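What follows is the residue order along each chain.
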Amino acid sequence: MSVLPLVFTSGWASGINAYAVVLLLGIFGATGLSDEVPASLQRTDVMIVAAVLFLCEAVADKIPYVDSVWDAAHTVIRPVSGAVVGALLAGQSGSLSDITAGAVGGSTALASHFVKAGTRMAINTSPEPFSNVAMSMAEDLGVAGIITFAMFNPEAAAIIAAVLLAAGLAILIFLWTRIRRFLRRRAQRREEKRLAAEAREATGAPPR
């Protein structure tokens, strides 16, 4: 059986929470629940690092504006992680070339990352923090559920991931107006801080 569905699903999930994907795959492999997981992901040190980084993301992902900064910093990390995980899964299976699997996993992770980051920008236009917490928890549960499901039903999980990705892209297009408003507000705040600092320097007032 081709490993392509699992590569696609893990790529989609990596674009949302790459550390959770690495940790979950490692657990499934280490416990013997799946033979599809390569030994490199089952290493104790890899799983510990993934767990620590997952906890860091679990906190940062629930704080307004901090989550967008975290997403920006992971614009490269998540697609690279999706590509590496995909290539490792293909190498373990032998039913798909590493290059093809890496391309599928990386591109899928990049697409889902943009959906996640864009949606968070739109959410951050709202002053209350509860939507950030709710969205973060939904994403974590979604990643855990879809990866677990993919271990036993990879084709069905890939279909679900594809539908979620398509829906996310459609929502992102719909929310683009709010995202642009968020970017304008952030640029305006930076400009106001810069002008205020220049004014204090000109008047000799002490910095705040």
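Report on the accompanying structure.

### Description of the packing of aromatic side chains
- The final tally for this structure, using the stated rule, is one aromatic pair.
- Residues phenylalanine 28 and phenylalanine 152 carry aromatic rings whose centres are separated by 6.5 Å and whose planes lie at 85° to one another, so their mutual orientation is edge-to-face. One end of the pair, phenylalanine 28, is in helix α1 (residues 4–30); the other, phenylalanine 152, is in helix α7 (residues 130–152), and 124 residues separate them in sequence.
- Look at phenylalanine 28 and you get buried, because its relative accessible area is 9%.

### Considering a nonpolar patch on the surface
- A cluster of nonpolar side chains, contributed by Val59, Ile63 and Val66, occupies part of the molecular surface with about 230 Å² of accessible area.
- Structurally, valine 66 can be placed in helix α4 (residues 66–73).

### Structural notes on the side chain of asparagine 132
- For asparagine 132, the position within the fold is in helix α7.
- At 2.9 Å, the side chain of asparagine 132 and the side chain of aspartate 67 are in polar contact.
- Setting aside anything within four residues of it in sequence, one finds asparagine 132 in contact with Asp61, Lys62, Pro64, Asp67, Arg120, Ile123 and Asn124.

Conventions adopted
Residues numbered from 1 in each chain as written. Predicted model: local features only at pLDDT ≥ 70, side-chain atom pairs only at ≥ 80, totals over all residues. Heavy atoms only, no water. Phe/Tyr/Trp six-rings, centres within 6.5 Å; stacked < 30°, edge-to-face > 60°. Helix = DSSP H or I, 4+ residues; strand = E, 2+ residues; numbered from the N terminus. Buried < 20%, exposed > 50% of the residue type's maximum accessible area, 1.4 Å probe, protein only. Patch = residues over 30% accessible without salt bridge, like charges linked within 9 Å, V, L, I, M, F, W, Y side chains within 5 Å. Areas by Shrake-Rupley, 256 points an atom, 1.4 Å probe, with all protein chains shown as cover. Salt bridge = Lys/Arg side-chain N within 4 Å of Asp/Glu carboxyl O. Polar contact = N/O pair within 3.5 Å; in protein donor to acceptor, adjacent residues only side chain to side chain. Contact = heavy atoms within 4.5 Å.

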